[in-house]
Amino acid sequence: MAPPPNTYSESWWGGKEERGTPVVVKMDNPYSLVEIDGPGMAAPSEKARGKNAKQLTWVLLLRAHRAVGCVAWLAAGFWAVLGAVNRRVRRSRDADAEPDAEASGRGRAMLRFLRGFLLLSLAMLAFETVAHLKGWHFPRSAAGLPEKYLRRLPEHLQHLPEHLRRHLPEHLRMPEKEEIEGWLHRAYVAWLAFRIDYIAWAIQKLSGFCIALFMVQSVDRLVLCLGCFWIKLRGIKPVADTSISNDDIEATAGDGGGYFPMVYETSISHVCQIDWPRERMLVQVLDDSDDETCQMLIKAEVTKWSQRGVNIIYRHRLNRTGYKAGNLKSAMSCDYVRDYEFVAIFDADFQPNPDFLKLTVPHFKGNPELGLVQARWSFVNKDENLLTRLQNINLCFHFEVEQQVNGVYLSFFGFNGTAGVWRIKALEDSGGWMERTTVEDMDIAVRAHLNGWKFIFLNDVKVLCELPESYQAYRKQQHRWHSGPMQLFRLCLPAVFKSKISTWKKANLVMLFFLLRKLILPFYSFTLFCVILPLTMFVPEAELPIWVICYVPVIMSVLNILPAPKSFPFVIPYLLFENTMSVTKFNAMVSGLFQLGSSYEWVVTKKAGRTSSESDILALAEAADADARPPPAKLHRGVSEGGLKEWAKLHKEQEDATAAAAAPGTPVKKSKAAKAPNRIFKKELALAFLLLTAATRSLLSAQGLHFYFLLFQGVTFLAVGLDLIGEQVS
């Protein structure tokens, strides 16, 4: 075998030189072919040196060209973002005006506070940046200054107070005397002393209080999850004393035997198809709308089901006094309701299965203390967009963990306002529907609990409904859901202490049901992650531990996602979005607790109509012309064919009117409904810039994980503030 070629040669000083193969690299125009020597090539000649210098020049020019291109790309991207924000602001100004929390004095006050907080943070960032460039680095201090470092302290800093010197970090680069003989450094030292004496102390006390609340709420969440796990492990579930079969229905259809109590309900199509003796069920449709088209459709629907033998009544109020509570109160006061024993309540977008009453009403038999049977919600559009996925995580935990555990171990939980069956005697004994808050469902549940009535939650009985798909609608819904409980807490607190229930139940109602789960959660979430954490970037002496920022929130988010395991990939977006929603929840909590602004405003949550889209209605209208026979008793779409012909006729008249208004000879194009303009949410945007400012400040002291949390949380606030999450629903 021949020896390998010698790749080494003797150099002029006698050493070995490594030789290699030249590599030819083809570069884009205007650059030509460049020959780059491989490793170990011989020492270049004078001509080669000149050639290499030319190559180096071209390489430097190429890198400069790429750098300029990168800067131009970043500048163009930044300019495009500014343009998008500007367009979004203009579209938001053109959006239809609706009642909003920010229109009130409370909303403006909070917005002013956030703006001032942001401006102060920007000023502090500029000040800290100048100090950083001067070399006055003040990163976080883990402990006091060691004695050996105190001995090395420069003479010009001996005048600093002892408590200030103790907080100076060990790796602080002390400036020389010439550097500090200026007003800027004197101002910085004065600011440092004031920061340690007053601001850091206040932040540490507040953060300690919030961390304590955080841990208490985490323990409560963990106990609920353990209770849910025990229920699943032991198979604990409410069992009715009797079951109703098809033979029972046939045997009792005429004589009223068996357990078929009188039930009346509030909804239309799906309720009319519930499998229950017709003579023992009354359907009452409650309409507060002021839309004549909507009223026409509802009346046609009621007429259709009435002709099919359903005992159905349509009630329309001329005023909306008391909103939903006023409507229910008015309906319950009718004389014909006195003959009925139970009432099942459904909102307009809920679709109960035909066996709903068979699965719920039998639980009342042999249980005279039972006042409410609540079913679980299930969502037809939970996978529609990111917003609905995140809502599904929250509501799955609420029903499967909170409602189920409280129902099994305490026989009490908050009524969800729909998909539940009430014993009318329990409603009357508790004072009936009241209009004093925007959460009439929770109000009647608390009063019934104080009067000794028990509740049952059926996790296996699910009723289809719809989630809001726009952030604006979800935001208003959450404002009402968090403002109303605080109103109710103020009103019912004296009644709780005067009631005859046990001390344990009183403590649970006040400490857990109201304070911990309705007040403390939004308070510490907003204060800890949206106020204190950004402040600690500018006040390094007040440090938040990593486990508070990262580990415990992630663990709690994982526990929240357990009831919806398919949503596990969204654990991080869920954590960031919940912190983002804390500003709305905290705002609503304060307004409800102190009766500020729009705390008594009741806004109907806008839905996209996934249960009855326009194409579904038109398709069903065509089918209604071909077959007018009664539909079988099974689950149908949310709008039945009772008013479909009228709706289709109205739809055609609108198209004809559009065609007539067009210029002669101009073809009329059928276009989709105009998409509602995006809005901007100022409080979320202010907090976005505040968090991004704090993230920038954290770079000066290399905070690591704090920077990433602030960055991603700030980007989340920015996306929500620009209404980039969810769909626009008009």
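Residues numbered from 1 in each chain as written. Predicted model: local features only at pLDDT ≥ 70, side-chain atom pairs only at ≥ 80, totals over all residues. Heavy atoms only, no water.

Caption draft 1: Representation of unusual backbone geometry. One non-glycine residue, S411, lies in positive phi territory at about 55 degrees. Mapped onto the elements of the fold, S411 is located in the loop between α12 (386-409) and β10 (420-423). Taking relative accessible area as the criterion, S411 reaches 24% and is therefore assigned partly exposed. Positioned with a positive phi, D723 is a non-glycine residue whose angle comes to about 60 degrees. (Helix = DSSP H or I, 4+ residues; strand = E, 2+ residues; numbered from the N terminus. Buried < 20%, exposed > 50% of the residue type's maximum accessible area, 1.4 Å probe, protein only.)

Caption draft 2: Focus on α12. Here α12 is 24 residues long and its end C-alpha atoms lie 34 Å apart, about the 34 Å a rise of 1.5 Å per residue gives. At H398, α12 shows its strongest bend, of approximately 30 degrees. For α12, the N-terminal cap is N385; the gap from its side-chain oxygen to the backbone nitrogen of L387 is 3.0 Å. (Expected span 1.5 Å × (residues − 1). Bend = angle between axes of the 7 residues up to and from the residue. Polar contact = N/O pair within 3.5 Å; in protein donor to acceptor, adjacent residues only side chain to side chain.)

Caption draft 3: Region of interest: the nonpolar core. Within the largest apolar cluster, 136 residues are counted, with the highest numbers of intra-cluster contacts made by F356, L357, W422 and V446. At 18 residues, helix α16 (residues 503-538) tops the list of elements feeding residues into this core. Formed by 13 residues, the second largest nonpolar core is a distinct cluster that contains L387, L390, V571 and I725. (Core = buried A, V, L, I, M, F, W, Y, C linked by side-chain atoms within 4.5 Å.)

Caption draft 4: How the structure looks around the pattern of salt bridges. In total, this model carries 17 salt bridges according to the counting rule given. Overlapping salt bridges, with partners in common, bring together K232, R376 and E400 in one network. (Salt bridge = Lys/Arg side-chain N within 4 Å of Asp/Glu carboxyl O.)

Caption draft 5: Inspection of the confidence of the model for the chain at higher detail. In this model, the chain carries an average pLDDT of 76, and 67% of its residues clear a pLDDT of 70 or more. Here residues 248-257 is modelled with pLDDT under 50, and outside its nearest four sequence neighbours on either side it reaches 12 contacts, counting other chains as well. Contacts for the low-pLDDT stretch residues 663-674, under 50 throughout, to residues beyond four places or in other chains number four contacts. (pLDDT = per-residue confidence, 0-100. Contact = heavy atoms within 4.5 Å.)

Caption draft 6: Quick look at the environment of P368. Its place among the elements puts P368 in the loop between α11 (356-360) and β9 (370-379). Overall, P368 belongs to the exposed group, its relative accessible area being 61%. Each C-alpha atom, one on P368 and one on K454, is 9.3 Å from the other, the two residues being 86 residues apart in sequence. Ignoring anything within four residues of it in the chain, the contact list for P368 reads R423 and W453.

Caption draft 7: Inspection of the environment of R376 at higher detail. Tracing the chain through its elements places R376 in strand β9. As for R376 and Q404, which are separated by 28 residues in sequence, their C-alpha atoms are 9.5 Å apart. The contacts of R376, once residues within four sequence positions are left out, are C396, F399, E400, F457, L458, N459, V461, K462 and V463. At 3.0 Å, the side chain of R376 forms a polar contact with the side chain of N459.

Caption draft 8: A look at helix α17 (residues 546-561). For α17, which comprises 16 residues, the first-to-last C-alpha distance of 22 Å matches the rise-based estimate of 22 Å (1.5 Å per residue) to within 8%. Restricting attention to buried positions, one finds in α17 the residues V548, I549, V552, P553, M556, S557, L559, N560 and I561.

Caption draft 9: Looking closely at the pairing of strand β6 (residues 281-287). Counted residue by residue, β6 has six buried out of seven residues, so it is predominantly covered. With helix α9 (residues 292-307) bridging β6 and the parallel strand β7 (residues 312-316), this β-α-β connection has right-handed handedness. (Right-handed = clockwise from strand over helix to strand, strands pointing away.)

Caption draft 10: Representation of the UniProt feature "transmembrane region" (unreviewed entry) in the chain. Within this structure's numbering, the places UniProt gives as "transmembrane region" (unreviewed entry) are residues 64-85, 113-133, 519-538 and 544-562. Helix makes up 100% of residues 519-538 and strand 0%. Its end C-alpha atoms lie 28 Å apart. Helix makes up 84% of residues 544-562 and strand 0%. Its end C-alpha atoms lie 28 Å apart. (UniProt positions renumbered as here; feature names shortened; annotations may be inferred.)

Caption draft 11: Representation of the side chain of S525. Here S525 lies in helix α16. On the basis of relative accessible area, S525 is assigned to the buried category, the value being 9%. Ignoring sequence-local partners within four residues, the contact set of S525 consists of C530, E578, N579 and S582.

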